[in-house]
Amino acid sequence: KKEDTSTEKSEDNLRSPICCIMGHVDTGKTKLLDCIRGTNVQEGEAGGITQQIGATYFPAENIRERTKELKADAKLKVPGLLVIDTPGHESFTNLRSRGSSLCDIAILVVDIMHGLEPQTIESLNLLRMRNTEFIVALNKVDRLYGWKTSRNAPIMKTMKQQSKDVQNEFSMRLTQIITQFKEQGLNTELYYKNREMGETYSIVPTSAISGEGVPDLLLLLVQWSQKTMVEKLTYSNEVQCTVLEVKVVEGHGTTIDVVLVNGVLHEGDQIVVCGMQGPIVTSIRALLTPHPMKELRVKGTYLHHKQIKAAQGIKITAQGLEHAIAGTGLYVVGPQDDLDDIMEAAMEDMKSVMNRIDKS
Ligand code: GDP
């Protein structure tokens, strides 16, 4: 029997937003992810951050702690933020279902020394096509000549400490980049000057090396998501889940790494995924996540869960997953559901995957 949570006040019933990192090669996508992940890691104490399958989970507590210098008195309504671990086009395009992106918000990384580059524009077009919100991280500010480092500081505070020359060079580069965005038909503005969020995209200057601006970026990601996506982020009974990778794991056979975007998965649930030779109907043997606090993922050791609530990155073991296709949806067969309908829906996803392969 499905419990009815739809009557709960939606703001108290939000799931974590899912965030992807996009941008041109070498702009610092990986480094920025490391920086977001690593700031609080002290001697194995990860400040509640958990490394998941294909994603990193930041509980609200961690975000509050790291953004307290911003004095925003962050009212966080979401339980946390789930950041996808593989930056770039591929995980973004794989994280979709029926044409819409499952990534709620993206960080578009731009190198302040290089401005917009070909893959920045590709990313932009993907984001626009999928109607996905994004925030620009104007990265590598520490490369401005004469930059004074102030580790993990909010950007306004650190900017005030820079010399006039650094501030001038920053303004000049920022203006150029805003013009480049304009040429792509987009209004952008430094986030703390942005009075028209929604129409004008926000730019957060960052350094993935010394962490300046990273608190600002985290806070803005969460605040913007919870402010504008209440409906999308409202926790639902209906499972929304996407297969990111199909992998053989010793001792587990073929497994699928999924992002559970909404709903709950249980051990034993009957599921349908899209397969190379038709729909795969099977049942969840195990729901696995890495052990928390383990910095290095030790091969083959996972935590087993009876059930997992969205949003999370999970490894699923089940029989018959050999021909499962990454980038397609995972469907749960409920007691009221018609298996044929679900099998059909699962195979619909094949078309869009094929479309993508044709285009690339
Ligand atoms: P990706 O290809 O976008 O994932 O870029 P990486 O994260 O691999 O970074 C590319 C290079 O830029 C590496 O040598 C990084 O150390 C360097 N890098 C990334 N972010 C910054 C930054 O904020 N400041 C400086 N100075 N270097 C950076």
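One can find the structure itself at the top, above this paragraph.
Within each chain, residue numbers correspond to sequence positions counted from 1 in written order. Confidence filtering applies because this is a predicted model: local features only for residues at pLDDT of at least 70, side-chain atom pairs given and counted only at 80 or more, and all residues used for totals across whole chains, interfaces and linings. Side-chain measures here rest on the full set of heavy atoms in the structure, leaving out hydrogens and waters.

For patch building, the residue pool is restricted to those with more than 30% relative accessible area and no salt bridge; the joining distance is 9 Å between like charges and 5 Å between nonpolar side chains (Val, Leu, Ile, Met, Phe, Trp, Tyr). The protein chains shown are the only cover counted for residues, whose accessible areas, like all others here, come from Shrake-Rupley with a 1.4 Å probe. Salt bridge, as used here: a side-chain nitrogen of Lys or Arg that lies within 4 Å of a carboxyl oxygen of Asp or Glu. Think of it this way: Lys and Arg go in the positive column, Asp and Glu in the negative one, and His and the chain ends go nowhere. Every charge is mapped to an atom, namely NZ of Lys, CZ of Arg, CG of Asp or CD of Glu. On the surface, Glu238, Asp337, Asp338, Asp340, Asp341 and Glu344 cluster together into a negatively charged patch. Residue placement: glutamate 238 occurs in the loop between helix 8 (230-233) and strand 11 (240-249). Partly exposed describes any residue whose relative accessible area lies between the buried limit of under 20% and the exposed limit of over 50%, with all areas from a 1.4 Å probe on protein chains only and scaled to the type maximum. Of the residues examined, glutamate 238 reaches a relative accessible area of 62% and is grouped as exposed. We count a stretch as a helix when DSSP gives it H or I for four or more residues in a row; a strand needs E for two or more, and each element gets its number in order from the N terminus.

When we say a residue is near a molecule or strand, we mean one of its heavy atoms is within 4 Å of it. Within the structure, the ligand sits among 15 residues, and Asp26, Thr30, Lys31, Asp142 and Ala208 are positioned closest to it. Threonine 27 is positioned such that a nitrogen or oxygen atom in its backbone is 3.3 Å from an oxygen atom of the ligand. Between a nitrogen atom of the ligand and a side-chain N or O atom of aspartate 142, the distance comes to 2.6 Å. Considered on its own, the ligand offers 580 Å² of accessible surface; in the complex 72% of this is hidden by protein. Counting residues per element, the shell around the ligand draws most heavily on helix 1 (residues 29-38), which supplies 3 residues. Side-chain classes are defined by residue name, with Ala, Val, Leu, Ile, Met, Phe, Trp, Tyr, Cys and Pro counting as nonpolar, Asp, Glu, Lys and Arg as charged, and the others, Gly among them, as polar. Of the residues assigned to the shell around the ligand, the class counts are 3 nonpolar, 6 polar and 6 charged. Any pair of N or O atoms that falls within 3.5 Å is considered a polar contact. Within protein, one atom must be able to donate a hydrogen and the other to accept it, and sequence-neighbouring residues count only if both atoms are side-chain atoms.

A few words now on the side chain of threonine 254. Relative to the elements of secondary structure, threonine 254 occurs in strand 12 (residues 253-262). Assessed through its relative accessible area of 11%, threonine 254 is described here as buried. Between two residues, a contact is recorded if the distance between any of their heavy atoms is within 4.5 Å. Each residue touching threonine 254, except ones within four places of it in the same chain, is listed here: Val246, Lys247, Val248, Ala318, Leu321 and Glu322.

Before going further, it helps to spend a moment on the sheet that holds strand 16 (residues 286-290). We treat two strands as partners when DSSP finds at least two bridges between them. Read from one edge to the other, the open sheet built from 5 strands follows the order 11-12-19-16-17, with strand pairing classed as antiparallel. Single-partner strands in this sheet number two, and they are strand 11 and strand 17 (302-305). Across this sheet, the average inter-strand angle for adjacent strands is 35 degrees, counted without regard to direction. By the bridge criterion, 4 bridges tie strand 16 to strand 17 in an arrangement that is antiparallel. In the strand pairing of strand 17, proline 290 is matched with tyrosine 302. Between N-to-C directions, angles span 0 to 180 degrees; the directions come from axes that are lines fitted to C-alpha atoms, helices contributing only their stretch in contact.

Think of it this way: a Phe, Tyr or Trp ring, Trp meaning its six-membered ring, pairs with another when their centres are within 6.5 Å, and the plane angle makes it stacked under 30 degrees, edge-to-face over 60, tilted otherwise. Using the criterion set out here, one finds 2 aromatic pairs in the structure. Taking the centre distance of 4.3 Å and the plane angle of 10 degrees together, the rings of phenylalanine 134 and tyrosine 201 count as stacked. Placement of the pair is phenylalanine 134 in strand 8 (residues 133-139) and tyrosine 201 in strand 10 (residues 201-205), with a sequence separation of 67 residues. With relative accessibility at 2%, the residue phenylalanine 134 sits in the buried group. Where tyrosine 191 meets tyrosine 192, the ring centres are 5.5 Å apart and the plane angle is 80 degrees; that geometry is what we call edge-to-face. Counting as a charge over the ring demands two things of the Lys NZ or Arg CZ atom: a distance within 6 Å of the ring centre and an angle within 35 degrees of the ring normal. The ring of tyrosine 235 carries the charged tip of lysine 309 above its face, separated from the ring centre by 4.2 Å.

By themselves, these are just geometric observations and shouldn't be taken as functional.
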